Amino acid sequence: MNKTIDHPALPILKAKFPHTTFFVGEFRDMVTVIVPREKISEVCAFLRDEPTLKYDMLVELNAADYLNYPGATHRFGVNYCLLSLENNNRLWLKVFLDPQQDTSPGHDVRDEEVIEKGDPGLKLNSVCPIWPGAEWMEREVYDMFGIIFVGHPDLRRILTWNGYGSYPLRKDYPLRGVGERENFKIVTREGA
């Protein structure tokens, strides 16, 4: 039996964007709205600025790789957890992305060229202009998954180095790595 999902943001969101198709799911009382990629900035700005909703805090931004996941129709998902402090209410947003280029290790580009030469299927508008706290979260998702946040003020790797060669949390990244450890000079206590 289908259950009707009830959340205070849903009717307001549907009224504001009548020509946009949103898919909604619920798991353990957490409501997730799947937003089309081209609408994420507009939807986030609306959810923040709407006086009855006031989603004024981006609590979390992460990604998932659905490669070989049973029933998955998209490769990557970017998740946004929004919080309205005034209303004590949370809402999850999700955007699905599908790469148009090879995602296996060794096919990445350097940070300074990623906006021009990066995979167009993995480009997504940054929400940093809406919630400045998204800056480091978007950098981490870029570094680990290769999702390119267009309009980010400083899109560069945060955990690995520029020119690393891949994105370690992609499912097609080898479990033993691609030789990163073998290429490092071993520093001993005496030689340090």
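In what follows, the structure referred to is the one given above.
Reading the values: the criteria
Within every chain, residues take consecutive numbers counted from 1 along the sequence as written. Reporting of local features is limited, given that this is a predicted model, to residues whose pLDDT is at least 70; pairs of side-chain atoms are given and counted only at 80 or more, and all residues count toward the totals for whole chains, interfaces and linings. The basis for every side-chain value is the complete set of non-hydrogen atoms in the structure, without hydrogens or water. Only one rule defines a salt bridge in this text: a Lys or Arg side-chain nitrogen within 4 Å of an Asp or Glu carboxyl oxygen. Only DSSP runs of H or I covering at least 4 residues are called helices, and only runs of E covering at least 2 are called strands; the numbering of each starts at the N terminus. With a 1.4 Å probe rolled over the protein chains alone, any residue whose accessible area is under 20% of its type maximum counts as buried; one over 50% counts as exposed, and the rest are partly exposed. The rule for pairing is simple: two strands pair if DSSP sees at least two bridges between them. Every axis in this analysis is a line fitted to C-alpha atoms, fitted for helices over the stretch in contact. Angles between the N-to-C directions lie between 0 and 180 degrees. Should any heavy atoms of two residues lie within 4.5 Å, those residues are considered in contact. We define a polar contact as two N or O atoms separated by no more than 3.5 Å, with the added condition that, inside protein, one atom must be a possible hydrogen donor and the other a possible acceptor, whereas residues neighbouring each other in sequence contribute only through side-chain atom pairs. Among buried residues, the Ala, Val, Leu, Ile, Met, Phe, Trp, Tyr and Cys ones that are joined through side-chain atoms within 4.5 Å form a nonpolar core.

Asker: Would you mind going over the pattern of salt bridges in detail, with residue names and values included?
Answerer: Oppositely charged side chains can form a pair if their charged atoms are brought close together. With the rule as written, the count across this model stands at 10 salt bridges. Residue E86 is joined to K54 by a salt bridge in which the shortest nitrogen-to-oxygen separation is 3.1 Å. Here E86, found in the loop between β4 (76-84) and β5 (89-97), pairs with K54, found in the loop between α2 (40-49) and β3 (57-65); they are 32 residues apart in sequence, far enough to count as distant. Classification of K54 by relative accessible area gives partly exposed; the value is 30%. Here R110 ties to E112 by a salt bridge, and the two come within 2.9 Å at their closest N and O atoms.

Asker: I'd like to hear about the sheet that holds β5, residue by residue, with values.
Answerer: Two modes of strand pairing occur in sheets, parallel and antiparallel, and in both the strands are linked by backbone hydrogen bonds. As summarised here, the arrangement of the five strands in space is β1-β2-β5-β4-β3, forming an open sheet in which the pairing is mixed. Since the sheet does not close on itself, it has two edges, and those belong to β1 (23-27) and β3, each with one partner. Neighbour to neighbour, the strand axes of the sheet diverge by 25° on average, direction disregarded. As paired strands, β1 and strand β2 (residues 30-34) are joined by five bridges and run antiparallel to one another. Its bridge partner being in β2, E26 is matched across the sheet by V31. Packed on one face of the sheet, helix α4 (residues 134-145) meets β3 and β4 and runs near 5° to β3.

Asker: Mind laying out the side chain of N89, listing which residues take part and the relevant values?
Answerer: Tracing the chain through its elements places N89 in strand β5. Classification of N89 as buried rests on a relative accessible area of 17%. In terms of polar contacts, N89 uses its side chain to reach the side chain of H7, at 3.2 Å. For N89, the residues in contact, after removing those within four places along its chain, are H7, P8, Y55, L82, L83 and S84.

Asker: Explain the environment of T20 to me, and be specific about the residues and the numbers.
Answerer: Structurally, the position occupied by T20 is in the loop between α1 (9-16) and β1. Spatially, the C-alpha atoms of T20 and V35 are 8.5 Å apart, while their sequence positions differ by 15 residues.

Asker: Can you lay out the nonpolar core for me, pointing to particular residues and giving the numbers?
Answerer: Inside soluble globular proteins, nonpolar side chains tend to come together where they are buried. Core analysis: the largest hydrophobic core is formed by 39 residues, its most contacted members being L47, Y80, L93 and I147. Elements with a contribution of two residues or more to this core: α1, β2, α2, β3, β4, β5 and α4. Not counting residues up to four positions away in its chain, the partners in contact with L47 are A9, L13, L53, K54, Y55, L82, L91 and L93. Of all hydrophobic cores here, the second largest spans five residues; its members include V114, I148, L155 and Y167.

Asker: Give a detailed account of the pairing of β5, specifying residues and quantitative values.
Answerer: For β5, a buried count of seven out of nine residues is recorded, marking the element as mostly surrounded by other parts of the structure. Taken together, the nine bridges between β4 and β5 define a ladder with antiparallel strand orientation. Along β5, the bridge assignment pairs V78 with V95. Joining the antiparallel neighbours β4 and β5 is a turn of four residues, in which N88 adopts a positive phi near 50°.

Asker: Break down the environment of Y164 for me, citing the residues and quoting the values.
Answerer: Structurally, the position occupied by Y164 is in the segment after β7 (148-150). With a relative accessible area of 14%, Y164 lands in the buried category. A polar side-chain atom of Y164 sits 2.8 Å from a polar atom in the side chain of Y173.

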